[in-house]
Amino acid sequence: MYTFSNRLKIASIILMIVGALGIIGGFVMAPGTIAEAKEMVASHDQGHGDAHAAKADHTTNKSDHTVAETHGDEHDSSHDQHLLDQLKNRPWAALYVAAFFFMMISLGVLAFYAIQRAAQAGWSPLLFRVMEGITAYLVPGGIIVFVILLLSVLHMNHLFIWMDESVVAHDALLQGKSGYLNPTFFLIRAAIFLAGWIGYREYSRKLSIAQDASDDNSNFKLNFRISAGFLVFYLISESIMSWDWIMSVEPHWFSTLFGWYIFASMFVSGITVIAMVTIYLKSKGHLPDVNDSHIHDLAKFMFGISIFWTYLWFSQFMLIWYSNIPEEVTYYVTRIADYRLPFFGMVAMNFLFPVLLLMNSDYKRINWFVILTGIVILAGHYMDIFNAIMPSTVGKNWYIGIPEIGAVLFFTGLFIFWVFRALSTQPLQPKRNPFIEESKHFHY
Amino acid sequence: MASKVIHAFYDDDDVLMLAVKKVKAAKLHIEEVYCPFPVHGLDKAMGLAPTRLAITAFLYGLVGLTVATLMMNYIMIEDWPQDIGGKPSFSYLENLPAFVPIMFELTVFFAAHLMVITFYLRSRLWPFKEAENPDVRTTDDHFLMEIEIHDNEQELRDLLMNTGAVEINISEKNSH
C-alpha cells in the first residue's frame, strides 16, 4: 500500500496556495475601464521599449477588426473596447488553459488505459493502478473546466465571442453556425461528454478493484467490453470537445483534423505523466515488479506520439499555408506575427527535443532521462494549448506572467494532491488480473 | 581449416534462451545460434556486441535529408522556379513547408534501403547464395546451437542434454 507522504502533500498544498494567489492577483490586476487598459498597454510598450512597429501594426489590426466584427465606423471606440476585453480575458484565459491542460492529461491517460484494456495488453497491467490514479483527477479537473465554461456562458468573460449575442447579431457566419454553436447546446454537449468520461472511469475502476477479490474473470471480461465501447464514445466526444472547447474560441476558423491534433497532444502528455508517476513511485520503493522494460515501452510511446503530434501539426499547417485561403490562414498569420517564440518554440520542445533525446534505445531505459524529456514535453504541450487559446482571447497582449504561472502552479498542486491521494487508497499492484504474470515477466 | 563442432537442437525459444544462459554460465563460447525467427534478448544472452546498424541508419537518414534538400533546391529554386499557388519559389527557406514531405520521405527511403543493403553485405547475403545453416530444420521449427569442440565432447554432450536439447549431432565444419 502506498501512503501519500506528508512532504509531497505539503508541497502540493503550497503549490495550490501560491497558485491561487497568482490567479487572484491576475484578476485583481486586470483593468476595469478603458482608460486603465490604455494606460497599461502604453506603460507596457514604454517599459519594454520594443519596436512594436506601432503605426503599421495598428492600422492593419484595426482593419482586421472591422472585417471580423463588422463594427462599421466606430473604429476607435470599438478598438479600445476590444483592448479592454482582451486584457480582462487574460486571467480567465490563463486559468482556462491550465485547467484544460491538466484535465487533458487525465483524459489522455484514460484513453491510453482504455486501449490497454480493449487490446488486453500483457505488458501494462502492472501500471493499471497508476493510470487509474491519474484518471481520478478527471472528476475535479473536468468539473472545473465545466464551471469555467458555464461562467463563460453567463458572460463573466469574453473567451468565446460567439456567446455574445451582440457579436452574433452583426455576424452572418456566426448566425449560420448558431444552430450548433449556441450556449444551451454547448453546455449540454459538455455535460454529456464529461458524464461519459467520468462514468466510464468510475465503472472501470470499480471492476478493476472487484477483479482482485473475485474468483473468476467476469469483471475483467466486462471491463474489456466496456473499454472497447468507451473508445468509440471517446473518439467522437473528444473530437467534438476539441471543436467546442478550443476551436470555437476562434469561431470563424475551422480545421478538420483539429480533433486528432488535440488528441495527439493529450495522448502524449498523458503517457508522459504515467511514466513520470511510475518512475517517482519506483524511486520510493513501490511497484517492485515494474522493470526498465516497462519504462522503455512508455518512453517509446512518448517518442512515437511526439512524432505523431508533429505529423498532425505539420499536416494542418502545411495545407493551410499552401492553399492560403484568407479565412483559414488568419489562424497562422496571427500566431506567427504575434506568437513567434511560443509557436515555433513549441515545435522544438514537442518534436526536436524528444526525438533527439529518446532516439537511442538505451536512453529510453534511463529514468532521469525520461523524466527530463517528460518535463520538456509537458511544457511544450502546455504551450500548445496556450497557442491555441491565447491568440483568439488576448491577442497581442500575451505574456507568461503571474496569472499564467499562478494557474499552472495551482493546477499542478491540485493534480498532485488528487492523483496521489487516489493512488494511496488501493494497493498499487493488481492481484488477479489474468495478465499480471506476463506483465511481471515483461522483458524487451 | 576443418574443425569439429557440436550441434544441439531445441524446439522452443524459451528453452533455447535458458540453454544459452547455462552454456554461457559454463564459460563456453557459442559459435552461432540458428533460429527460424528472431528471438528477443538472444543477442544479449549470447553476449554479442550491440549492433551498429542503428548508427548507420541515422547516418543514411542524414544523407537522404541532404540529397532531398539539394535536389529540391536545384529542381524547384535554381533550375526552374515557378509560381505555385501565389508562392513564387525564389527562396528555399520561404518555400520550406512545401519541401518538408519530400525531405521526410527521402530520409526514410535512404535510411531503410541503405540499411537493408548494409545488413545484406554485413551478413554476407546475396541472391542465389547457398544457405549456411547446417540443418534445414532451423528454417522450420527447430533452433540450433553450435559450439566448437576442443577435446571435450562428452562434457559438452552432458551439459547440452541437461539444458533440454532434443537432439545432439557432431559434425565437421569448414570455417570460411
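Residues numbered from 1 in each chain as written. Chains lettered and ligands numbered in written order. Predicted model: local features only at pLDDT ≥ 70, side-chain atom pairs only at ≥ 80, totals over all residues.

Caption draft 1: Looking closely at the confidence of the model for chain A. Of all residues in chain A, 92% have pLDDT values of 70 or greater, and the mean over the chain is 89. Note that residues 46-73 of chain A has pLDDT below 50 and, in this model, 15 contacts with residues that lie over four places away or in other chains. (pLDDT = per-residue confidence, 0-100. Contact = placed C-beta atoms within 7 Å.)

Caption draft 2: Structural detail: the packing of helix H9 (residues 183-213) of chain A against helix H10 (residues 218-245) of chain A. All names here are of chain A. Interhelical geometry of H9 versus H10 gives an angle of 155 degrees and a closest axis separation of 10 Å. Classified by the angle between their axes, H9 and H10 sit roughly antiparallel to one another. Crossing of H9 over H10 shows left-handed handedness. Residues Phe186, Arg189, Ala190, Phe193, Gly196, Tyr200, Tyr203, Ser204, Leu207, Ser208, Ala210 and Gln211 of H9 lie in contact with H10, whose contacting residues are Asn219, Phe220, Leu222, Asn223, Ile226, Ser227, Phe230, Phe233, Ser237, Ile240, Met241 and Asp244. Its residues assigned to classes, the contact of H9 with H10 shows 14 nonpolar, 8 polar and 2 charged. (Axes fitted to C-alpha atoms, helices over the stretch in contact; angles between N-to-C directions. Helix = DSSP H or I, 4+ residues; strand = E, 2+ residues; numbered from the N terminus. Parallel < 35°, antiparallel > 145°, perpendicular 65-115°, else oblique. Left-handed = near helix turned anticlockwise from the far one by under 90°. Nonpolar A, V, L, I, M, F, W, Y, C, P; charged D, E, K, R; others polar.)

Caption draft 3: Geometry of helix H15 (residues 367-393) of chain A. Counted at 1.5 Å a residue, the expected span for H15(A) with its 27 residues is 39 Å, and the 39 Å between its end C-alpha atoms agrees. Most pronounced at Phe386(A), the bend in H15(A) amounts to some 30 degrees. (Expected span 1.5 Å × (residues − 1). Bend = angle between axes of the 7 residues up to and from the residue.)

Caption draft 4: Highlighting the environment of Phe143(B). Residue and element names in this part refer to chain B. In this fold, Phe143 is placed in strand S5 (residues 143-148). Sequence separation between Phe143 and Ala8 is 135 residues; the distance between their C-alpha atoms is 8.2 Å. Apart from residues no more than four positions distant in its own chain, Phe143 is found in contact with Tyr10, Asp13, Leu16, Val33, Tyr34, Cys35 and Thr138.

Caption draft 5: Spatial organisation of the UniProt feature "transmembrane region" (unreviewed entry) in chain B. Residue and element names in this part refer to chain B. UniProt records the feature "transmembrane region" (unreviewed entry) for residues 53-76 and 96-121 in the present numbering. Counting secondary structure, residues 53-76 comes out at 100% helix and 0% strand; the distance between its end C-alpha atoms is 34 Å. A distance of 36 Å separates the end C-alpha atoms of residues 96-121, which is 100% helix and 0% strand. (UniProt positions renumbered as here; feature names shortened; annotations may be inferred.)

Caption draft 6: Fine view of the nonpolar core. Counting 107 residues, the largest nonpolar core has Ile274(A) and Met302(A) as the members making the most contacts within it. If we skip the residues at most four places from it in the chain, Met302(A) touches Val268(A), Ile271(A), Thr272(A), Ala275(A), Pro354(A), Leu358(A), Thr373(A), Gly374(A) and Ile377(A). In this structure, Ala8(B), Leu16(B), Ala19(B) and Ala165(B) belong to the second largest nonpolar core, which totals 15 residues. (Core = buried A, V, L, I, M, F, W, Y, C linked by C-beta atoms within 7 Å. Buried ≥ 20, exposed ≤ 12 C-beta atoms within 10 Å, placed from the backbone.)

Caption draft 7: Region of interest: the environment of Ala407(A). Residues and elements named next belong to chain A. Residue placement: Ala407 occurs in helix H16 (residues 402-423). Residue classification places Ala407 among the buried residues on the basis of 26 C-beta atoms within 10 Å. Note: C-alpha distance between Ala407 and Ile24 (383 residues apart in sequence) is 9.5 Å. With residues near it in sequence (within four places) discarded, Ala407 still touches Gly19, Gly22, Ile23, Ala94, Leu95 and Ala98.

Caption draft 8: Focus on the interface of chain B and chain A. Across the boundary between the two partners, chain B contributes 7 residues, which contact 9 residues of chain A. For the side of chain B that touches chain A, the per-class residue count stands at 3 nonpolar, 4 polar and no charged.

Caption draft 9: Focus on unusual backbone geometry. In this model, Gln120(A) sits at a positive phi of 50 degrees, which is unusual for a non-glycine residue. When you line up the elements, Gln120(A) lands in the loop between helix H4 (75-118) and helix H5 (128-135). At Phe128(B), a position not held by glycine, the phi torsion is positive, near 65 degrees. Within the secondary structure, Phe128(B) sits in the loop between helix H4 (96-122) and S5.

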